[in-house]
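Chain by chain, the residues run as shown.
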Protein chains: 2
Amino acid sequence: MAQLRIALAQVNSTVGDLDGNGDVIVEWSRRAAEAGAHLVVFPEMMLTGYPVEDLALRKSFVEASQRALERTARRLADEGLGDLPVIVGYLDRRTVSLVRAGQPAGSPLDAAAWLHDGKVLIRSAKHHLPNYGVFDEYRIFVRGDRLPVVRVHGVDVATVICEDLWQDGGPVSVTETANAGLLLSLNASPYERDKEDFRLGLCAQRAREAGCALAYVNMVGGQDELVFDGDSIVVGADGSLLARAPQFTEELLIADLALPAADPALEPGHFPVNAMDGTTITIDRQILSEDPGPAYDVLPQPVTEPLDDLAEVYAALVLGTRDYVRKNGFRSVILGLSGGIDSALVATIASDAIGPENVHAVLLPSRYSSEGSVTDAEDLVKRQGLHSRIVPIADMVEAFEKHVDLTGLAAENLQARIRANVWMGLSNEYGHLVLTGGNKSELATGYSTLYGDSAGGFGPIKDLVKTMVWNLARWRNTQVGSDLPFLHPFEQEPIPEVIITKEPSAELRPDQRDSDSLPAYDILDPLLIDYVERDMGRDALIAAGHDPALIERVIRLVDLAEYKRRQYPPGPKITPKNFGRDRRVPITNRWRERATED
Amino acid sequence: MAQLRIALAQVNSTVGDLDGNGDVIVEWSRRAAEAGAHLVVFPEMMLTGYPVEDLALRKSFVEASQRALERTARRLADEGLGDLPVIVGYLDRRTVSLVRAGQPAGSPLDAAAWLHDGKVLIRSAKHHLPNYGVFDEYRIFVRGDRLPVVRVHGVDVATVICEDLWQDGGPVSVTETANAGLLLSLNASPYERDKEDFRLGLCAQRAREAGCALAYVNMVGGQDELVFDGDSIVVGADGSLLARAPQFTEELLIADLALPAADPALEPGHFPVNAMDGTTITIDRQILSEDPGPAYDVLPQPVTEPLDDLAEVYAALVLGTRDYVRKNGFRSVILGLSGGIDSALVATIASDAIGPENVHAVLLPSRYSSEGSVTDAEDLVKRQGLHSRIVPIADMVEAFEKHVDLTGLAAENLQARIRANVWMGLSNEYGHLVLTGGNKSELATGYSTLYGDSAGGFGPIKDLVKTMVWNLARWRNTQVGSDLPFLHPFEQEPIPEVIITKEPSAELRPDQRDSDSLPAYDILDPLLIDYVERDMGRDALIAAGHDPALIERVIRLVDLAEYKRRQYPPGPKITPKNFGRDRRVPITNRWRERATED
């Protein structure tokens with residue numbers, strides 16, 4: 001057996017920020033070297049951020065990524081880190097472009113490279129391209145077809161990328177044939193509830209198949225609608241858990257591994273192997289160092305326990321909100337605070353994400369607002385130490401009513417839009433990002449005003465059904481004094497109890513209640529989850545035990561709301577062709593055509 | 001040679017409207033039968049509409065399409081049309097689901113079927129799946145691998161679908177081997193400027209390759225951001241043009257063809273052939289009728305001349321607007337009419353699309369509006385016979401100013417948002433769809449207010465640069481007395497000349513001019529087209545002769561505007577998973593889970 005100390009850099013990269021991401025690589029490589037690591041591995045698409053979407057099709061962006069990779073290799077050597085093998089994900093392209101139907105222009109690759117001694121030692125690319133759910137990788141990448149195996153201190157180390165682990169066949173299936181002693185997996189794997197246990201099981205299974213230890217490094221951080229949760233993992237060849245990083249935070253996970261020494265008879269070169277999925281994978285074997293080096297004492301292996309369910313969801317919301325604000329260049333946020341539970345939870349998440357001193361609340365009472373709404377909101381402002389102002393909207397409503405007669409829903413929407421007009425104006429004047437407070441139950445059923453309460457740049461709780469909003473608010477109030485790193489140290493419960501217990505109301509007409517328009521949330525929410533998230537059709541919903549009349553009503557509400565939501569874009573998108581439709585480009589993207597490279 | 005009379009049904013189908021699209025199939029099949037046609041062919045995905053996007057992944061939708069196909073076959077027979085072969089596009093799925101990485105769940109197929117005698121005679125599916133530009137078909141379809149060849153009145157007729165014609169190899173390459181006498185191509189091919197000549201050349205080239213006549217039937221109609229332009233084409237085996245349908249309108253194109261009689265020695269059955277693209281295509285040969293029937297007199301072949309450039313673009317805008325309104329269930333539209341050129345052209349397009357009696361204009365003068373703005377807008381209202389009302393916004397602006405101090409851009413945006421608030425309120429009250437008036441030059445450079453002038457459901461001129469807006473306005477004024485079918489018969493020029501000639505201004509502060517903020521449009525527009533539509537990088541823009549300083553300025557404006565436009569969704573989208581991102585679903589979609597089938 002040979003000893004190998006590996007460092008997994010679970011870091012937060014930003015789409016398009018090639019320089020900033022390069023800085024992160026250098027900084028964390030130095031930390032890995034200082035910790036005595038023999039190699040350091042970064043996540044998938046580290047250098048460009050992930051997902052880059054249609055930016056992969058832009059020639060100038062691919063070339064900027066290629067140049068940034070070379071520049072990072074040189075910089076590592078210049079700063080005395082040339083001896084440390086540094087494995088990073090980046091965007092590359094095939095040198096021979098495939099002219100086959102359906103292949104993306106320029107043949108971009110979701111690539112990984114070993115950097116060493118100021119140079120790029122070896123390159124490979126993701127073989128299995130996910131093309132479902134949030135992924136569209138057949139659109140933007142072509143497939144890689146090699147398994148790099150690099151001998152480091154006498155151990156043969158192979159690398160694969162993300163989806164390669166999730167599909168049978170391909171490079172992982174070749175790893176045993178390649179006689180690798182360690183398999184590194186570079187990932188940008190988004191958070192879903194209950195996914196992390198599946199991940200550990202998968203790592204264990206693939207380690208056993210590959211016949212070697214497996215180190216899984218994942219990205220951490222928010223990117224538009226996605227949150228990457230970290231949770232990097234090291235397992236032994238038998239699938240046993242050796243080390244695990246915390247979720248939702250950057251971490252340099254160091255693991256000391258005892259690994260089988262490489263067979264010295266195996267020579268460098270290229271060796272094609274049947275990859276059991278209809279393709280051939282070429283093993284690309286290189287030798288950096290044969291010498292295992294002197295024995296050393298093993299460090300303790302950190303094995304972090306995963307967070308419990310509510311803490312995990314809350315951490316994802318805090319990180320997603322913080323990174324949307326920060327990566328889009330904002331320092332502060334503004335939101336309407338109604339005295340209801342939704343805006344209260346959003347304010348609290350914002351306080352945890354960027355500090356209450358950067359959160360600006362606007363209280364916008366109307367003639368229909370209850371006395372309690374204002375005082376409850378003011379109580380929350382005081383508990384959390386937010387900035388706040390009160391802007392009564394009655395005069396503005398009257399000014400409209402003088403010229404335009406609106407009734408019923410149109411009159412209710414008018415109030416919601418006047419409020420949005422105020423917070424958008426303050427946002428334009430002072431540069432705060434607008435947070436919007438809709439939850440999934442009301443957005444899914446259309447209980448919301450377009451360009452009104454739904455107006456804003458980021459909706460922290462848009463993916464929470466209402467019952468979950470209450471659960472998280474209660475949970476957050478229990479965490480006073482907690483040492484969870486993603487929570488602001490409030491000295492009292494941040495959310496007034498009465499905000500959690502009051503009956504929900506939009507307060508857009510006298511004595512309005514959510515229950516006038518919607519089924520009770522404890523009945524509605526499970527049905528919404530089955531219909532919206534699990535994609536169950538009517539028959540399946542009935543079989544799952546939901547009330548048939550309610551199913552009809554909710555399906556009608558949801559379909560109509562989805563239709564209306566899509567019908568009104570925030571303003572028309574312009575298209576890249578003279579007729580056509582929009583490109584897919586990430587919102588948070590630091591890359592600009594104007595950026596000067598080299 | 002054998003005579004064959006074919007009917008190409010260039011019709012307008014609606015996504016999700018299985019019943020309505022089925023009605024269209026029956027009605028147009030009857031017209032084809034009455035015209036003595038021996039077969040009738042409908043566009044790609046006729047029965048479901050196109051594009052269905054992620055609806056293809058929904059099991060209940062695929063099954064609804066399959067049932068609708070069988071039902072349509074029975075209905076055709078019930079109504080006495082069972083003898084006529086009817087070829088329709090629809091959504092199907094593979095019976096044996098492929099479990100391979102990257103294959104969409106349920107293996108949906110972009111399929112075509114021959115309906116005859118109350119039954120489905122033969123099925124096939126698109127082989128080449130486009131996955132670039134507006135297409136994401138690797139995400140939602142698996143590939144078909146057969147070429148149906150059906151003998152009709154002694155002629156062997158093969159069918160392929162859309163992209164199969166645009167790529168080398170695959171079923172078209174097998175057509176000559178199959179000895180087909182006619183190749184039918186079912187299409188849903190979106191309009192782009194200058195595309196139609198390429199289409200004719202392509203049809204001619206593929207006819208020569210296939211060694212037989214080719215009939216190309218295309219969908220017509222607007223679907224969300226796309227417009228299908230019809231322009232169905234029939235060419236002979238030598239590539240010569242035999243018949244051509246008009247653009248942007250429904251048409252039953254009848255063509256009498258003299259075609260080689262089928263070789264009677266060729267028996268029904270399945271015959272695998274190398275398709276020259278790494279795949280095998282199976283020829284699926286069936287015999288409906290061997291008898292060519294008695295000779296008959298040939299009808300004159302209509303060969304419509306394509307429209308000239310401005311007429312073609314204008315027709316696309318009218319059809320796109322009409323179908324967005326109609327297919328989304330609206331009868332009327334509302335728009336803010338400023339007295340400027342953009343809203344004037346939008347009003348005119350709307351009048352042409354749905355009739356001036358269904359167009360509601362709101363004039364919203366502020367303290368900065370010039371006297372001319374109101375009188376010019378009123379002149380347009382009178383010329384076109386629109387409904388109109390004047391809602392001065394000064395009181396509303398003052399009501400906001402009493403409570404919130406806004407300066408500079410924030411104050412300008414406030415006015416734009418107050419206007420949007422008025423037309424959204426009237427839209428909610430009276431059920432009009434809001435049209436928004438931004439052009440591509442101002443949207444691309446960010447010269448527009450989020451939730452303000454950009455608020456609305458559909459932006460008819462969002463894909464026109466400003467110079468094109470002027471060109472089309474001038475062109476439209478020359479068409480008084482024209483017999484173009486997509487124009488309303490105004491008795492005088494619909495747009496007052498002064499609106500076309502005045503210097504453009506947003507009128508949000510005293511003496512404001514577009515030229516304070518933007519380069520002259522005749523310099524800006526060509527640069528925008530090269531950067532936004534042609535995807536040229538900085539070096540390429542310099543090489544194309546644009547001024548380097550202007551390039552820097554415009555790239556900065558466009559990148560920043562794109563970023564801001566994406567940053568603020570109209571309201572957060574809810575996602576189909578607990579964390580993730582939105583499904584891709586068409587806006588105009590008549591299919592609802594609640595629809596009862598059979």
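Residues numbered from 1 in each chain as written. Chains lettered and ligands numbered in written order. Predicted model: local features only at pLDDT ≥ 70, side-chain atom pairs only at ≥ 80, totals over all residues. Heavy atoms only, no water.

- Per an unreviewed UniProt entry, chain A goes by the name Glutamine-dependent NAD(+) synthetase and belongs to Actinomadura barringtoniae.
- Check the Catalytic activity (unreviewed entry) section of the UniProt entry for chain A; it says "deamido-NAD(+) + L-glutamine + ATP + H2O = L-glutamate + AMP + diphosphate + NAD(+) + H(+)". (UniProt positions renumbered as here; feature names shortened; annotations may be inferred.)

### Examining the packing of aromatic side chains
For step 1, the next point in the chain: Taken as a whole, this structure holds 14 aromatic pairs over all chains when the rule is applied.
For step 2, the next point in the chain: The interplanar angle of 75° and the centroid separation of 5.8 Å between the aromatic rings of tryptophan 470 of chain A and tyrosine 521 of chain A together place this pair among those described as edge-to-face. Residue tryptophan 470 of chain A is found in helix 13 (residues 466-478), and its partner tyrosine 521 of chain A is found in helix 16 (residues 521-533); the two are separated by 51 residues along the sequence. An identical accessibility class is assigned to tryptophan 470 of chain A and tyrosine 521 of chain A; each is buried.
For step 3, the next point in the chain: A cation over an aromatic ring shows up here: lysine 466 of chain A above the ring of tryptophan 470 of chain A, its NZ or CZ 5.5 Å from the ring centre.
For step 4, the next point in the chain: The ring of tryptophan 28 of chain B is capped by arginine 31 of chain B, whose NZ or CZ atom sits 4.3 Å from the centre of that ring. (Phe/Tyr/Trp six-rings, centres within 6.5 Å; stacked < 30°, edge-to-face > 60°. Helix = DSSP H or I, 4+ residues; strand = E, 2+ residues; numbered from the N terminus. Buried < 20%, exposed > 50% of the residue type's maximum accessible area, 1.4 Å probe, protein only. Lys NZ or Arg CZ within 6 Å of the ring centre and 35° of its normal.)

### Digging into the state of the cysteines
Residue and element names in this part refer to chain B.
For step 1, the next point in the chain: Taken as a whole, this structure holds zero disulfides over all chains when the rule is applied.
For step 2, the next point in the chain: Free of any disulfide, cysteine 162 has its nearest cysteine sulfur in cysteine 203, 11 Å distant.
For step 3, the next point in the chain: Here cysteine 162 falls in the buried class, since its relative accessible area comes to 8%. (Disulfide = S-S within 2.5 Å.)

### A closer look at the domain arrangement of chain A
The figure often quoted for interface size is the accessible area lost as the parts come together.
Residues and elements named next belong to chain A.
For step 1, the next point in the chain: Partitioning chain A into structural domains gives domain 1 (2-287) and domain 2 (309-514).
For step 2, the next point in the chain: Inter-centroid distance (C-alpha atoms) of domain 1 to domain 2 is 40 Å.
For step 3, the next point in the chain: Contacts between the two partners involve 17 residues from domain 1, matched on the other side by 14 residues from domain 2.
For step 4, the next point in the chain: Here domain 1 and domain 2 share an interface that buries about 1,200 Å² over both sides, 51% of which is from carbon and sulfur atoms.
For step 5, the next point in the chain: At the boundary of domain 1 and domain 2, one finds two salt bridges.
For step 6, the next point in the chain: Salt-bridge contacts for arginine 193 lead to aspartate 309; the nearest nitrogen and oxygen are separated by 2.8 Å.
For step 7, the next point in the chain: For the pair domain 1 and domain 2, the number of links is nine residue pairs in polar contact (both at pLDDT 80 or more). (Domains from an automatic or database assignment. Contact = heavy atoms within 4.5 Å. Buried area = accessible area lost by both parts, 1.4 Å probe. Salt bridge = Lys/Arg side-chain N within 4 Å of Asp/Glu carboxyl O. Polar contact = N/O pair within 3.5 Å; in protein donor to acceptor, adjacent residues only side chain to side chain.)

### A few points about the pattern of salt bridges
Residues and elements named next belong to chain A.
For step 1, the next point in the chain: Tallying each qualifying case throughout the model produces 82 salt bridges over all chains.
For step 2, the next point in the chain: Salt-bridge contacts for lysine 126 lead to aspartate 110; the nearest nitrogen and oxygen are separated by 3.1 Å. Here the residue lysine 126 occupies a position in the loop between strand 5 (119-125) and helix 3 (137-140), and aspartate 110 occupies one in strand 4 (residues 108-116), the gap between them amounting to 16 residues.
For step 3, the next point in the chain: A salt bridge links aspartate 323 to arginine 326; the nearest nitrogen and oxygen atoms lie 3.0 Å apart. One end of the pair, aspartate 323, and the other, arginine 326, are both in helix 7 (residues 309-327), three residues apart, so they sit about a helical turn from each other.
For step 4, the next point in the chain: Here aspartate 323 falls in the buried class, since its relative accessible area comes to 2%.
For step 5, the next point in the chain: Residue classification places arginine 326 among the partly exposed positions, given a relative accessible area of 40%.
For step 6, the next point in the chain: Among the ionic contacts, a cluster of salt bridges with common partners joins Glu225, Lys440, Lys462, Asp463 and Glu533.

### Regarding the UniProt feature "binding site: L-glutamine" (unreviewed entry) in chain A
All names here are of chain A.
For step 1, the next point in the chain: Feature annotation in UniProt places "binding site: L-glutamine" (unreviewed entry) on Tyr132, Ser189 and Lys195, given in this structure's numbering.
For step 2, the next point in the chain: In this structure, serine 189 sits in the loop between strand 8 (182-187) and helix 6 (196-210).
For step 3, the next point in the chain: For serine 189, the side chain forms a polar contact with the side chain of arginine 199, separated by 3.2 Å.

### A few points about the packing of helix 1 (residues 18-34) of chain A against helix 2 (residues 59-78) of chain A
All names here are of chain A.
For step 1, the next point in the chain: It is the contact of helix 1 with helix 2, at a shortest axis distance of 10 Å, that shows an interaxial angle of 25°. Taken together, helix 1 and helix 2 sit at an angle that is classed as roughly parallel. Where helix 1 crosses over helix 2, the two elements pack in a sense that is right-handed. Contact residues: Leu18, Asp19, Gly22, Asp23, Ile25, Val26 and Ser29 in helix 1; Phe61, Ala64, Ser65, Ala68, Arg71, Thr72, Arg75 and Leu76 in helix 2.
For step 2, the next point in the chain: The class makeup of the residues in the contact of helix 1 with helix 2 is seven nonpolar, four polar and four charged. (Axes fitted to C-alpha atoms, helices over the stretch in contact; angles between N-to-C directions. Parallel < 35°, antiparallel > 145°, perpendicular 65-115°, else oblique. Left-handed = near helix turned anticlockwise from the far one by under 90°. Nonpolar A, V, L, I, M, F, W, Y, C, P; charged D, E, K, R; others polar.)

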